[in-house]
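Coordinate analysis (summary)
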Amino acid sequence: METNTLEKIHEDAKDFMPILGTDYIELYVSNAKQAAHYYKSAFGFQSLAFSGLETGNQETESYVVVQDKIRIVLTSPLKSGSAIGKHIDRHGDGVKVTALWVDDATYAYNEAMKRGATSYMEPKTEEDQYGKVVRSGIHSYGEVVHIFVERKDYKGVFLPGFQEWNTFYNPESVGLKFVDHMVGNVELGQMNRWVEFYEKVMGFTQIMSFDDKDISTEFTALMSKVMSNGNGRIKFPINEPAPGLKKSQVDEYLEFYEGEGVQHIAVATDNIIETVTNLKNRGVDFLQVPTTYYDVLEERVGKIDEDIDSLRKLGILVDRDDEGYLLQIFTKTIQARPTMFFEIIQRKGATSFGKGNFKALFEAIEREQELRGTL
Ligand code: FE2
């Protein structure tokens, strides 16, 4: 593994693409209404905005849910034969849009296009009584797109075309704060192409890389490079499968997603023990490492603030780097196909991604694959 220092990252990052943060993540799903209920009841999101027949939208229905800085849009088509319907038919439920909050969506689009991006949406201004929003978009790996959102002149609840979604049922937050990173799975041999895309087109810097020596078990392997924007608010690790004795989790993803796409969304919390306790009580299933993992934990990561027994009970993993430590846990895949899942992460100084947990984790994933007969 190589790690660049923060200073070097800033110095290297040609920040022609200043990004303020993740604006929203949009998933195309087969039943947006029920998916929204799941994100609320299981993951502690709140109702935010709605678009559909009642707002004059004859084509799609979208529910927007929010938790602190995380906004998730769940969209389904209202008719057959749509592009969204085809997306769902091919991929199942999955991430279509990673929207990036920028100061100037026209400038961001022009800079990206100048550097070789493929256009998804030319800059477009949408308006309602709350002001205006400018959005533009470019293609990324698979069918994933990045939409630049400029909302400095907008006071509405989400975007023009959406109305406030008021519900009687408003379960409490589980303490999820913001998107820490979002991981893509790409085809064998494609990782470097997308690393280059994020470097050239988006001005990102590679901050870490893992090869099959870092990430492998007896059976499966993968390679990964982590791309970050200049201010470090956007981090996109990109995985590709590496040859192993059996089918890797990335291969399984690519097979069932029928192409490249978002593998997991990592969301940050300030109190992982409380958050995971809550999520479990609400029915979220997590990958479980063997309890022997905890027998050598303190030896491996040193003293930590958390009670090891609580971590063992919940199955929370710990890793340390030069800057501190982190706690993390991974949900099982959350839709019919064994494709996307969530990571819950709490950083206590560490800026890495849990390399020390990869082996234990992958063995846990392989046990799940074994049950599906896809290993
Ligand atoms: Fe992750």
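This report concerns the structure included in the present document. This one's a predicted model, so the numbers in the text were calculated from it and none came from an experiment.

1. Some remarks on the environment of Lys 332
Along the chain, Lys 332 falls in the loop between strand S17 (324–330) and strand S18 (341–348). Accessibility expressed as a relative area gives 30% for Lys 332, which makes it partly exposed. Through-space distance from the C-alpha of Lys 332 to that of Glu 343 is 9.4 Å; in sequence the pair is 11 residues apart.

2. Considerations on the coordination of the iron ion
Note on the iron ion: its protein donors are His 181 (NE2), His 264 (NE2) and Glu 343 (OE). The metal-donor distances range over 2.0 to 2.2 Å. When the donor residues of the iron ion are listed from N- to C-terminus, their spacing reads H-x82-H-x78-E. Of the two residues, His 181 is situated in strand S11 (residues 176–185) and His 264 in strand S15 (residues 261–269); the sequence distance between them amounts to 83 residues. According to the relative accessible area criterion, His 181 is buried, its value standing at 3%.

3. Regarding helix H2 (residues 32–41)
Along H2, the positions that sit buried rather than exposed are Ala 32, Ala 35, Ala 36, Tyr 39 and Lys 40. Relative to the axis of H2, the buried residues are bounded by an arc of 140° and lie together on one face. In this structure, H2 carries Lys 33 and Gln 34 as exposed residues pointing more than 90 degrees from its buried face. Where H2 is buried, its residues contact strand S2 (21–28), strand S3 (46–51), strand S4 (60–67), strand S5 (70–77) and S18.

4. Concerning the layout of surface pockets
Of the volumes computed, that of the largest pocket is approximately 510 Å³. Along the wall of the largest pocket there are 22 residues; nearest its centre are Gly 21, Thr 22, Lys 69, Phe 178 and Val 179. Split into classes, the residues belonging to the lining of the largest pocket amount to 7 nonpolar, 5 polar and 10 charged. Shared between two domains, the lining of the largest pocket takes at least three residues from each, and those domains are domain 1 (17–164) and domain 2 (176–372).

5. Comments concerning the packing of aromatic side chains
Scanning the model with the defined rule gives 20 aromatic pairs in all. Among the aromatic residues, ring-to-ring pairing joins Tyr 141, Trp 194, Phe 197, Tyr 198, Phe 204 and Phe 236 into one connected group. Just above the ring of Phe 353 sits the side chain of Arg 347; from NZ or CZ to the centre is 5.3 Å.

6. What to know about the sheet that holds S4
By way of backbone hydrogen bonds, the strands of a sheet pair with one another, either parallel or antiparallel. Taken together, 9 strands build an open sheet; the order of strands is S7-S8-S9-S6-S2-S5-S4-S3-S10 and the sheet is mixed. Every other strand in the sheet has two partners, leaving strand S7 (119–128) and strand S10 (163–164) as the edge strands with one partner each. Strand direction decides the pairing type here: S2 and strand S6 (residues 94–101), joined by 7 bridges, are antiparallel. The partner of Tyr 28 across the bridge, within S6, is Gly 94. Packing against the sheet, helix H4 (residues 105–114) makes contact with S7, strand S8 (131–139) and strand S9 (145–150), and its axis sits at approximately 15° to S8.

7. Points about the nonpolar core
Tyr 39, Leu 74, Met 202 and Ile 265 are the most contacted members of the largest nonpolar core, which totals 89 residues. Of the residues forming this core, the biggest block, 5 residues, is contributed by helix H5 (residues 191–200). Mapping this core onto the domain boundaries places at least three of its residues in each of domain 1 (17–164) and domain 2 (176–372). Every residue in contact with Leu 74, bar those within four places of it in the chain, is listed here: Leu 27, Val 29, Ala 32, Ala 35, Ala 36, Tyr 39, Glu 61, Ser 62, Tyr 63 and Val 65. Of all hydrophobic cores here, the second largest spans 17 residues; its members include Val 66, Ala 99, Val 145 and Val 149.

8. Observations regarding the pairing of S5
The two faces of a sheet get side chains in turn, since along a regular strand they alternate between them. Counting buried positions over the 8 residues of S5 gives 6, a clear majority of the element. Summarising the sheet, S2 and S5 pair through 4 bridges and their orientation is parallel. Across the sheet, residue Leu 27 finds its bridge partner in S5, namely Leu 74. As paired elements, S4 and S5 share 8 bridges and run antiparallel to each other. Note that in S5 the partner of Thr 60 across the bridge is Pro 77.

9. Some words on the pattern of salt bridges
Scanning the entire structure with this criterion turns up 19 salt bridges. Put simply, Glu 306 and Lys 348 hold a salt bridge, and the shortest N to O gap is 2.7 Å. Of the two residues, Glu 306 sits in the loop between helix H8 (297–301) and helix H9 (308–314) while Lys 348 sits in strand S18, which places them 42 residues apart along the sequence. Taking the relative accessible area as the measure of exposure, Glu 306 reaches 12% and is therefore buried. The class of Lys 348 is partly exposed, set by a relative accessible area of 25%. Residues joined in a network through salt bridges with shared partners are Asp 23, Arg 71 and Arg 151.

Definitions and cut-offs
- Residues numbered from 1 in each chain as written.
- Predicted model: local features only at pLDDT ≥ 70, side-chain atom pairs only at ≥ 80, totals over all residues.
- Heavy atoms only, no water.
- Helix = DSSP H or I, 4+ residues; strand = E, 2+ residues; numbered from the N terminus.
- Buried < 20%, exposed > 50% of the residue type's maximum accessible area, 1.4 Å probe, protein only.
- Donors = N, O, S within 2.8 Å, 3.2 Å for Na, K, Ca; no water.
- Arc of directions from axis to C-beta.
- Contact = heavy atoms within 4.5 Å.
- 1 Å grid on protein atoms, 1.4 Å probe; cavity = no way out; pocket = protein on both sides within 12 Å on 5 of 7 lines; lining within 4 Å.
- Points joined across faces, edges and corners; volume = space filled by probe spheres on them.
- Nonpolar A, V, L, I, M, F, W, Y, C, P; charged D, E, K, R; others polar.
- Domains from an automatic or database assignment.
- Phe/Tyr/Trp six-rings, centres within 6.5 Å; stacked < 30°, edge-to-face > 60°.
- Lys NZ or Arg CZ within 6 Å of the ring centre and 35° of its normal.
- Pairing = 2+ DSSP bridges.
- Axes fitted to C-alpha atoms, helices over the stretch in contact; angles between N-to-C directions.
- Core = buried A, V, L, I, M, F, W, Y, C linked by side-chain atoms within 4.5 Å.
- Salt bridge = Lys/Arg side-chain N within 4 Å of Asp/Glu carboxyl O.

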